[in-house]
Structures are given as C-alpha cells and as structure tokens.
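The lines below spell out each chain.
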Amino acid sequence: MDMFPGFSSLTWTPVDPMVPASIPAKVLFGAVGSGTPSRNYAKDSETAFVAGGETFHGEPLVQDFTKVTWVRRASIIWTKMSLVRNLEQDFCAAILLLIWLFAHEYVRCKSRIPGFKGPFGLPILGSLRDIQRGNAPWIYRQWSHKYGAVYQVQLGNIPMLIINTADAAKAILTGNSHATISRPEFYTFHKIVSDTSATTIGTSPYSASLKTRRKTLATALNRRAVSSYSNHIKTETLLFLREALKNGKAGQTSIDPGPLFLRMNVSLGFTLHWGTRLHKKGDMFHEITQVEEAISNFRSLTSNTQDYVPLLRLLPFNRTSALAREMGARRKKYTTVLDRELDIQIAGETNEPCVRANAKLDPDSNLTALELESLNATITAAGLDTMQATVLWGIAVLCMRTDLQEKVFQAIIERYAESDLLDDVPEGQDVAYLSAFIKELLRCYPATRLSLPRTALRDFVYDGKVVPKDTVIVLNAWACNNDPEIWSDHDVFRLERWLEHPDAPTFTFGLGSRMCIGSHLAVRELYVLFLRILKFFELEAGGPMDIDPITGVANTAATVSGPKPLQVKFVPRNKEDLEVALNAVELSQ
Ligand code: HEM
C-alpha cells in the first residue's frame with residue numbers, strides 16, 4: 001500500500017532562477033520518484049516546490065505546496081532538520097580533523113632529533129612524497145649539500161638520520177659499532193610478512209637469537225667456507241654459459257640474461273642451504289622468484305606508505321597488507337617442502353653437506369625451529385636480487401663500454417692459456433683488471449643504494465650531538481661511494497682507480513657490526529662468472545641500454561636498484577670449441 005499518496009510521483013522545479021521553469025525536473029535532477037529524501041540540498045528544500053499545473057507522462061510536473069498533506073509537511077520539516085544536523089555534523093567533523101592535525105603535527109615536531117638539521121616536509125607525510133616521487137639516494141645526496149653530511153628526514157612521524165659521506169659513515173657505523181647494531185621494525189614487513197614466515201637475519205633487531213643465527217650463517221659464508229663451494233660455483237657458472245650459448249643461438253639472437261642468472265643464483269643458494277640444486281625443482285623456480293621479489297619490495301624503505309602513516313592500515317580493503325600476508329604464507333610453503341625433503345635425507349644419512357643440515361646435526365648448535373626457519377628465509381632472500389642487479393649492471397656496462405670489455409678480455413687471456421677456465425678457477429683474484437672491474441661495478445652500482453637501515457641500541461654522540469636510542473639510521477651507500485673527498489672523478493667508471501688505490505673504501509656491503517656476511521661469496525661468484533663470460537663470449541647490446549646510474553634504474557622505489565630489462569647477444573669467441581668443451585664438462589648434480 002502506498003503510505004503517502006502522490007508522494008512517489010512528486011517532482012520539483014529548481015529554485016535557481018537561472019534555470020528555466022519549463023525544463024522538466026526529471027531532466028535536471030535525474031530520475032525522481034522513489035520519494036526518498038536525498039542530500040541534494042536544493043531538492044530537499046521546501047522552497048523547491050512552486051505552484052504550477054504542467055504534467056509530464058501524465059503526472060503533475062509541479063506541485064502546489066499549499067496542497068501538500070500534513071504528512072508531507074512533517075516529512076519536509078524532518079528533512080530540513082536533518083540538513084541542519086548534517087551541517088552541524090560536518091562542522092564538528094572538520095573541527096575534530098583540525099584538532100587531530102594539530103596534535104599530529106605537534107607529535108611530529110616533538111619526534112625530531114634535536115640538533116640535526118633537515119627538511120620539515122608536509123603534515124602527516126613528512127618527506128615521504130619527495131622521496132617516493134624520485135630517486136631517493138640521489139635526492140638525499142642533493143639535500144646533504146644544504147643540510148650537511150648527516151641530517152634528519154621524517155617519513156611520516158619517523159625521524160631518520162641519513163649518512164651521506166664516507167667520513168661520517170665510518171664515524172657513526174664503525175666508531176659506534178655496538179650502538180648501531182640493531183635494525184628497526186616496520187609494520188608491513190615485520191608485522192604482516194613475518195607473521196606468516198620468519199624474519200631474515202638482515203631484518204632482525206638485535207637479540208641473543210639474532211647473534212646465534214648470524215654466527216651460524218657467517219661461519220657458513222666466511223672466506224674458507226666459500227673456497228669449499230668452488231665446485232658448486234663451477235657447476236652453476238658453466239650452466240649459465242651453456243644456457244647463454246643455446247638460448248642465444250650462438251650469438252644470433254638477443255636474450256634477456258636476467259632469468260638465466262636468476263636461476264643460477266637461486267640454485268646456488270639452494271645448494272648451499274638445502275644441498276639440492278634448483279633444476280630438480282623446476283616448478284618452484286617461478287614461485288620462488290616471484291615471491292622473493294615481492295617480499296624484497298616490502299623491505300623497501302620508501303614504498304610502503306602505511307609503515308609511516310598508520311591511519312592507512314585501517315582501510316578496509318588494504319591490498320598491501322593482503323599481498324604481504326599472502327607472500328609470507330607462500331614463502332613458508334616452499335621452504336617447508338624443502339625442509340621436509342632434507343629431514344628425510346638426514347634421517348637416512350643421504351644428505352649433502354649444507355648449512356641447514358650442519359646446523360641441525362651440530363650438537364653445539366641449539367637453533368630452534370623458528371631460528372632454522374629464519375636461516376631458510378635469509379638464504380632464499382639474501383643475495384638473490386642484490387646479485388641479480390649487480391650482474392645485470394655489469395653486463396650492460398660491458399655492452400656499452402666495449403673498450404673496457406676488450407681491456408679486461410686481454411688481461412684474462414694474458415693470464416690464462418686457451419682452455420684453462422672450464423675447469424676450476426684458481427683461488428684469489430689473479431686478473432687485476434677483472435678484479436678492478438668488479439670493484440668499480442660495486443662502487444658505481446651498489447645494489448642497495450640505501451643500505452639496510454639500523455637503529456641505535458643506545459644513545460651515542462656524533463659531532464657533539466646526541467643520537468638518541470631507537471633512532472633509525474640509513475647509510476646512503478651510493479653517496480658515500482661517490483664521495484668527492486675520496487674520488488675527484490667519482491662520476492667516471494674507471495678501472496685504473498683500483499690499481500692506484502686498491503684499499504680505498506666502498507660502502508656497498510655496508511659497514512660495522514651488521515655488515516653483509518655474504519660479501520665473500522658475492523665477490524667470488526661475480527669474479528668467476530665474469531671471468532668465464534668474458535673468456536668465452538663477446539657481449540653485444542641487442543637493444544637500447546641506459547647505464548646512467550640514476551636514469552637507468554628500473555624501479556626507483558624498490559629496495560634493490562637494478563637496470564631496465566636488457567637484450568644482449570652472447571657471441572661465442574669460438575663457437576665449435578666452446579660447444580665441444582661445455583658438453584664434455586661433467587657437472588655435479
Ligand atoms: C652484490 C651482492 C650483495 C650486496 C650488494 C649486499 C649488500 C648488503 C648490505 C648493504 C647489507 C646491510 C649491511 C649493513 O647494514 O651494514 C647486507 C646484509 C646482509 N647480506 Fe648481503 N649483499 C650481497 C650479497 C649477499 C649474499 C650472496 C648473501 C648470502 C648468501 C648475503 C647475505 C647477507 C646477510 C645475511 C645480511 C644481514 C647481515 C646482518 O644484518 O647482520 N648478501 N648485504
């Protein structure tokens with residue numbers, strides 16, 4: 001039954017005198033007829049009703065207000081009151097928002113580190129937008145010209161000290177190594193990803209457990225241990241050559257070397273940790289690389305806005321949190337499969353020597369299940385994207401700087417006879433130019449340009465100012481590597497600098513108490529890989545390449561700064577000999 005006869009067909013003409021009364025109200029307001037008062041102020045207003053007698057589709061177009069029933073009048077008065085109430089509510093909401101904003105800004109001001117200069121940034125966001133919009137290490141270096149070598153930025157409410165010069169890095173991270181031994185915890189990575197999968201060593205705050213885990217992995221990755229992995233490195237690098245030769249049709253086709261190297265690196269990590277090579281687990285490859293890349297981005301210092309603006313975490317459809325949770329769970333799934341397989345092998349005494357088996361079998365090692373899981377996460381994550389980025393920059397530089405490629409190649413053949421290098425590569429780095437190339441590569445293209453952040457475990461003093469406990473400290477490794485106090489020609493990719501100053505510092509692997517523990521493995525792998533690539537192939541660019549360290553970066557928001565995708569021709573220096581030699585080599589399974 002219609003409770004309000006005539007109400008549902010009620011139509012209005014606008015109060016706006018500029019609108020001709022002859023235009024049907026349905027055209028002006030859209031379809032009318034439900035009778036439900038809406039928040040269109042003109043429509044809700046009593047003055048919207050004027051007398052008239054036209055009809056539209058048989059209904060009166062304009063209704064005489066004097067004929068409106070008492071029920072309708074009550075409805076109109078109620079609507080008017082609602083309008084006033086809505087305005088009151090809006091006003092109160094605006095006042096509350098303003099108060100919250102002032103309170104927030106007060107807290108933000110209070111959280112600044114006394115004595116350190118730095119940009120103030122925007123309300124709520126601080127300097128987050130500036131950093132997210134550009135290339136953070138470059139922007140931080142620009143700001144250091146204004147605010148000094150060490151200054152503060154605020155990302156949301158969180159103040160961070162940014163270190164931009166070599167001297168400051170040494171003073172803070174080496175000079176106060178114990179005070180700077182911890183890592184901060186961020187919402188997305190530590191509360192969401194690590195809720196479903198353990199935290200890696202590199203993202204764990206300082207604790208007794210971190211000490212034990214770090215010691216276990218550092219022992220497995222020290223110089224002596226790395227030299228015992230030469231057989232694994234040989235297998236993986238020779239497989240890389242085989243794939244480059246085959247996929248690139250002996251130099252006739254350009255290929256993207258990214259996936260080849262990724263497979264090689266993941267496989268090496270698996271062998272060292274679980275004693276099993278990746279090719280046996282073909283299906284897992286895409287899953288692992290996809291998940292680890294996504295998780296790496298959750299570690300990003302700049303891209304997770306919700307880490308700095310807690311309000312965003314309340315959004316009902318929070319895609320970042322949902323994705324972070326999913327990736328953590330997916331990582332746990334494949335590491336669990338690998339753990340189970342290794343456990344069966346350990347029980348049957350058929351396992352290969354590897355980090356996890358050593359840790360489980362060592363009677364002195366008391367690692368808990370969660371700590372072992374942290375080692376899993378570390379080995380799958382650490383070194384994966386960092387090594388990938390470094391190798392790809394190296395390949396791009398060699399394609400674009402053919403003079404350097406020739407120089408290093410000549411140095412290699414001077415040192416090695418024709419076919420020596422398919423067998424073991426002698427320990428050490430006996431091709432000085434190649435060694436210099438790797439150092440220069442790491443200097444100009446540090447994979448993590450902003451090193452993994454630290455937090456102060458306790459107060460310490462730098463430059464006469466107190467750095468309070470819990471302050472987040474970020475090393476701008478890229479700026480330190482380009483410090484004009486160390487190199488007057490820091491913008492040039494020049495190998496000879498490392499022959500002139502072999503002990504000059506680089507900041508690519510960090511500094512002090514939480515420095516990278518995989519650096520020996522990383523440098524060895526880079527050395528052996530480039531030695532073999534350059535000995536057997538000539539590299540040609542198969543498409544445009546931007547090797548500028550700033551404009552050439554693929555994703556400036558990512559934790560790791562790799563180059564844009566490459567297309568490369570791997571032209572064998574001697575196709576027949578290489579094919580025969582590579583097929584003859586027996587590779588460990
Ligand atoms: C070119 C390759 C690599 C680069 C540029 C790199 C860079 C870094 C950096 C900058 C840090 C933080 C250091 C600091 O806070 O001072 C780090 C930490 C770490 N890296 Fe690497 N890394 C590389 C390869 C590897 C490899 C191959 C592994 C192991 C398989 C590895 C394992 C680790 C671990 C476990 C940590 C955490 C150390 C801690 O927090 O105590 N890295 N790496």
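About the thresholds
Residues numbered from 1 in each chain as written. Predicted model: local features only at pLDDT ≥ 70, side-chain atom pairs only at ≥ 80, totals over all residues. Heavy atoms only, no water. UniProt positions renumbered as here; feature names shortened; annotations may be inferred. Salt bridge = Lys/Arg side-chain N within 4 Å of Asp/Glu carboxyl O. Helix = DSSP H or I, 4+ residues; strand = E, 2+ residues; numbered from the N terminus. Buried < 20%, exposed > 50% of the residue type's maximum accessible area, 1.4 Å probe, protein only. Core = buried A, V, L, I, M, F, W, Y, C linked by side-chain atoms within 4.5 Å. Contact = heavy atoms within 4.5 Å. Donors = N, O, S within 2.8 Å, 3.2 Å for Na, K, Ca; no water. Expected span 1.5 Å × (residues − 1). Arc of directions from axis to C-beta. Near = heavy atom within 4 Å. Polar contact = N/O pair within 3.5 Å; in protein donor to acceptor, adjacent residues only side chain to side chain. Nonpolar A, V, L, I, M, F, W, Y, C, P; charged D, E, K, R; others polar. pLDDT = per-residue confidence, 0-100. Axes fitted to C-alpha atoms, helices over the stretch in contact; angles between N-to-C directions. Parallel < 35°, antiparallel > 145°, perpendicular 65-115°, else oblique. Pairing = 2+ DSSP bridges. Phe/Tyr/Trp six-rings, centres within 6.5 Å; stacked < 30°, edge-to-face > 60°. Disulfide = S-S within 2.5 Å.

Going by the annotation in an unreviewed UniProt entry, the name recorded for the protein chain is Cytochrome P450, with Zasmidium cellare ATCC 36951 given as the source organism. UniProt, in the comment section headed Cofactor (unreviewed entry), describes the protein chain in these words: "heme".

Enquirer: Any chance you could break down the pattern of salt bridges for me, citing the residues and the numbers?
Expert: Scanning the entire structure with this criterion turns up 19 salt bridges. We note a salt bridge from glutamate 440 to arginine 443, for which the minimum N-O separation is 2.9 Å. In this pair, glutamate 440 and arginine 443 are both assigned in helix α19 (residues 432-444), 3 residues apart and thus about one turn of the helix distant. Judged by its relative accessible area of 0%, glutamate 440 is buried. Note that arginine 494 and aspartate 489 form a salt bridge whose closest N and O atoms lie 2.8 Å from each other. A cluster of three or more residues bridged by salt bridges with shared partners is formed by Glu440, Arg443, Asp489, Arg494, Arg497 and Glu500.

Enquirer: So what about the nonpolar core? Which residues, and what values?
Expert: Most often, soluble globular proteins have nonpolar side chains that are buried together. Judged by nonpolar contacts, the single largest core of 101 residues is most densely connected at Phe240, Ile395, Leu434, Phe437, Phe530, Leu531 and Phe570. Ranked by the residues each element gives to this core, the list is headed by helix α22 (residues 519-536), at 11 residues. Setting aside chain neighbours within four positions, we find phenylalanine 530 in contact with Val391, Gly394, Ile395, Leu398, Leu434, Phe437, Ile438 and Leu441. Leu161, Ala166, Ala168 and Tyr462 belong to the second largest nonpolar core, which has 21 residues in total.

Enquirer: Can you tell me about the coordination of the iron atom of the ligand, naming the residues and giving the values?
Expert: Among protein residues, the single donor to the iron atom of the ligand is Cys516 (SG), with a metal-donor distance of 2.3 Å. Considering the arrangement of structural elements, one finds cysteine 516 in the loop between α21 (496-500) and α22.

Enquirer: Any chance you could break down the UniProt feature "binding site: heme" (unreviewed entry) in the protein chain for me, citing the residues and the numbers?
Expert: Using the residue numbers shown here, the UniProt feature "binding site: heme" (unreviewed entry) corresponds to Cys516. Residue classification places cysteine 516 among the partly exposed positions, given a relative accessible area of 35%.

Enquirer: Go over helix α8 (residues 208-220) with me, naming the residues and quoting the values.
Expert: Note: α-helices contain 3.6 residues per turn, so residues at a spacing of three or four share the same orientation. Look at α8: 19 Å from first C-alpha to last across 13 residues, which is about the 18 Å you get at 1.5 Å a residue. Along α8, the positions that sit buried rather than exposed are Leu210, Arg213, Arg214, Leu217 and Ala220. The arc enclosing the buried residues of α8, seen along the axis, measures out at 125°, which places them on a common side. Exposed side chains of α8 directed beyond 90 degrees from the buried face belong to Ala208, Lys211 and Lys215. The inward-facing, buried residues of α8 abut α9 (223-227), α15 (355-361) and α16 (369-381).

Enquirer: Can you tell me about the site of the ligand, naming the residues and giving the values?
Expert: The environment of the ligand is formed by 26 residues, the closest being Arg183, Arg214, Arg454, Arg514 and Cys516. Arginine 454 is positioned such that a nitrogen or oxygen atom in its side chain is 2.7 Å from an oxygen atom of the ligand. At a separation of 3.2 Å, an oxygen atom of the ligand approaches a polar backbone atom of leucine 511. Considering each element in turn, the shell around the ligand owes the most residues, 3 residues, to helix α17 (residues 384-400). Among the residues forming the shell around the ligand, the class breakdown is 12 nonpolar, 10 polar and 4 charged.

Enquirer: Now, about the confidence of the model for the protein chain: what can you tell me, with residues and values included?
Expert: Do not read the predicted coordinates in detail wherever pLDDT is low. Chain-level statistics for the protein chain give a pLDDT mean of 82 and a share of 83% at 70 or above. Long-range and interchain partners of residues 1-53, a stretch whose pLDDT sits below 50, account for 75 contacts in this model, where long-range means more than four residues apart. The ipTM value of the predicted complex is 0.99, and its pTM value is 0.81.

Enquirer: How would you explain the packing of helix α14 (residues 319-347) against α16 if you had to name every residue and give the values?
Expert: It is at 11 Å that the axes of α14 and α16 come closest, and there the two elements cross at 110°. With respect to α16, the element α14 is oriented roughly perpendicular. On the side of α14, the interface is formed by Arg331, Lys332, Tyr334, Thr335 and Asp339, while α16 contributes Glu373, Asn376, Ala377, Thr380 and Ala381. Of the residues belonging to the contact of α14 with α16, the class tally is 3 nonpolar, 3 polar and 4 charged.

Enquirer: How would you summarise the sheet that holds strand β5 (residues 454-455) if you had to cite specific residues and measurements?
Expert: Pairing within the open sheet is mixed, and its 4 strands lie in the order β3-β4-β8-β5. Since the sheet does not close on itself, it has two edges, and those belong to β3 (150-155) and β5, each with one partner. Direction of pairing for β3 relative to strand β4 (residues 158-163): antiparallel, over a ladder of 6 bridges. Bridging across to β4, glutamine 154 finds its partner in proline 159.

Enquirer: Now, about the packing of aromatic side chains: what can you tell me, with residues and values included?
Expert: By the definition in use, this model includes 10 aromatic pairs. Taking 5.5 Å as the distance between ring centres and 75° as the angle between the ring planes, the aromatic pair formed by phenylalanine 437 and phenylalanine 530 counts as edge-to-face. Here phenylalanine 437 is found in helix α19, whereas its partner phenylalanine 530 is found in helix α22, with 93 residues between them in sequence. On the accessibility criterion, phenylalanine 437 (0% relative accessible area) is buried.

Enquirer: Which residues make up the state of the cysteines, and what values go with them?
Expert: Counted by the stated rule, this structure contains 0 disulfides. Free of any disulfide, cysteine 444 has its nearest cysteine sulfur in cysteine 480, 14 Å distant. Residue cysteine 444 is classed as buried on the basis of its relative accessible area, which comes to 7%.

Enquirer: Outline the environment of serine 127, listing residues and values.
Expert: Position of serine 127 among the secondary structure elements: in the loop between α3 (70-110) and α4 (128-133). Spatially, the C-alpha atoms of serine 127 and asparagine 366 are 44 Å apart, while their sequence positions differ by 239 residues. In contact with serine 127, other than residues within four places in its own chain, are Pro119, Gly121, Trp143, Val153, Gln154 and Leu155.

Enquirer: An account of the pairing of β3 is needed here, citing residue identities and associated values.
Expert: Across the 6 residues of β3, 6 count as buried, placing the element largely inside the fold. Side-chain alternation along β3 places Val150, Gln152 and Gln154 on one buried face and Tyr151, Val153 and Leu155 on a second face that is also buried. Taking the residues that link successive antiparallel strands as the turn, the β3-β4 hairpin has 2 residues, and the phi of glycine 156 there is positive, at about 60°.

Enquirer: Go over unusual backbone geometry, please, and point to the residues and values.
Expert: One non-glycine residue, alanine 250, lies in the positive phi region at around 50°. In this structure, alanine 250 sits in the loop between α10 (230-247) and α11 (257-274). In this structure, aspartate 470 is a non-glycine residue whose phi angle is positive, near 75°. As for its position among the elements, aspartate 470 is in the loop between β7 (465-467) and β8 (472-475). Accessibility expressed as a relative area gives 53% for aspartate 470, which makes it exposed.

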